[in-house]
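The lines below spell out each chain.
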Amino acid sequence: MGIPALKKHLLQFFALATTTDELKGNYVQLITAAGRISGKMAPEDDKSLLAVFSEASLKNYYEEYELEDEPTSGLDGYIVLNDVTIYSCSGSTTSMPQMIVFYDQIIGITLGE
């Protein structure tokens, strides 16, 4: 089993923190080269089309390449966010119900409202 990158571990830890009672009002704030992405971490039992499709795709990936059912190593992987707003560097704002953000595209993370 590969060891997840420290960056990936920190991103997951911060994102999961927003599901606790103390921080449930906070959004995950991801900094990328394109700007800031703000959203709520999708709950583990999320049954939305995007969450179900991404989970099925990941399962298919493991089956197709005969991999163990384990977390991907390094920076491979993604986070699913709900209630997303993208604040681009150019000043425009875009909102969407859900989004998948790949770990290797994230520069930084913070939590906020």
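That block above? That's the structure.
Okay, the packing of aromatic side chains next. Under the defined criterion, the tally for this structure stands at three aromatic pairs. Plain terms: the ring middles of Y61 and Y65 are 5.3 Å apart, the flat faces sit at 55 degrees to each other, and that makes the pair tilted. On the numbers, 6.3 Å between centres and 70 degrees between planes, the contact of Y78 with F102 is edge-to-face. Of the two residues, Y78 is situated in strand β3 (residues 78–88) and F102 in strand β4 (residues 93–102); the sequence distance between them amounts to 24 residues. Overall, the relative accessible area of 22% leaves Y78 in the partly exposed class. Three or more aromatic residues link up through ring pairs in this structure, and these residues are Y61, Y62 and Y65. Its guanidinium or amino end placed over the ring of Y87, R36 lies 4.1 Å from that ring's centre, counting from NZ or CZ.

Of the volumes computed, that of the second largest pocket is approximately 180 Å³. Lining the second largest pocket are eleven residues, with L58, D76, G77, Y78 and F102 positioned closest to its centre. Broken down by element, the residue count for the lining of the second largest pocket peaks at five residues, all from helix α2 (residues 49–64).

Counting twelve residues, the largest nonpolar core is built from L11, A15, V28, L30, I37, I79, L81, V84, I86, V101, Y103 and I106. Mapped by element, the contributors of at least two residues to this core are α1 (6–17), β1 (27–32) and β3.

Here β3 runs beside β4; their pairing, made up of nine bridges, is antiparallel. When the bridges of β4 are listed, Y78 appears paired with F102. Counting the residues between successive antiparallel strands, the hairpin from β3 to β4 contains four residues, one of them, G91, with a positive phi of roughly 105 degrees.

Turning next to α1. Taking 1.5 Å per residue, twelve residues should reach 16 Å; α1 reaches 16 Å between its end C-alpha atoms and fits that length. Taken as a whole, α1 has its buried residues at K8, L11, A15 and A17.

On the surface, L6, L10, F13 and F14 cluster together to form a nonpolar patch covering roughly 410 Å² of accessible area. Along the chain, the position of L10 falls in helix α1.

Turning next to α2. In this model α2 runs 22 Å from its N-terminal to its C-terminal C-alpha over 16 residues, within 8% of the 22 Å that 1.5 Å per residue would give. Residues A51, S54 and Y62 constitute the buried set of α2. All buried residues of α2 lie within an arc of 75 degrees about the axis, which places them on one face of the element. Summarising the geometry of α2, the exposed residues directed more than 90 degrees from the buried face are L49, F53, E63 and E64. Among the structural elements, β3 and β4 are those in contact with the buried residues of α2.

So, how was this worked out
- Residues numbered from 1 in each chain as written.
- Predicted model: local features only at pLDDT ≥ 70, side-chain atom pairs only at ≥ 80, totals over all residues.
- Heavy atoms only, no water.
- Phe/Tyr/Trp six-rings, centres within 6.5 Å; stacked < 30°, edge-to-face > 60°.
- Helix = DSSP H or I, 4+ residues; strand = E, 2+ residues; numbered from the N terminus.
- Buried < 20%, exposed > 50% of the residue type's maximum accessible area, 1.4 Å probe, protein only.
- Lys NZ or Arg CZ within 6 Å of the ring centre and 35° of its normal.
- 1 Å grid on protein atoms, 1.4 Å probe; cavity = no way out; pocket = protein on both sides within 12 Å on 5 of 7 lines; lining within 4 Å.
- Points joined across faces, edges and corners; volume = space filled by probe spheres on them.
- Core = buried A, V, L, I, M, F, W, Y, C linked by side-chain atoms within 4.5 Å.
- Pairing = 2+ DSSP bridges.
- Expected span 1.5 Å × (residues − 1).
- Patch = residues over 30% accessible without salt bridge, like charges linked within 9 Å, V, L, I, M, F, W, Y side chains within 5 Å.
- Areas by Shrake-Rupley, 256 points an atom, 1.4 Å probe, with all protein chains shown as cover.
- Salt bridge = Lys/Arg side-chain N within 4 Å of Asp/Glu carboxyl O.
- Arc of directions from axis to C-beta.
- Contact = heavy atoms within 4.5 Å.

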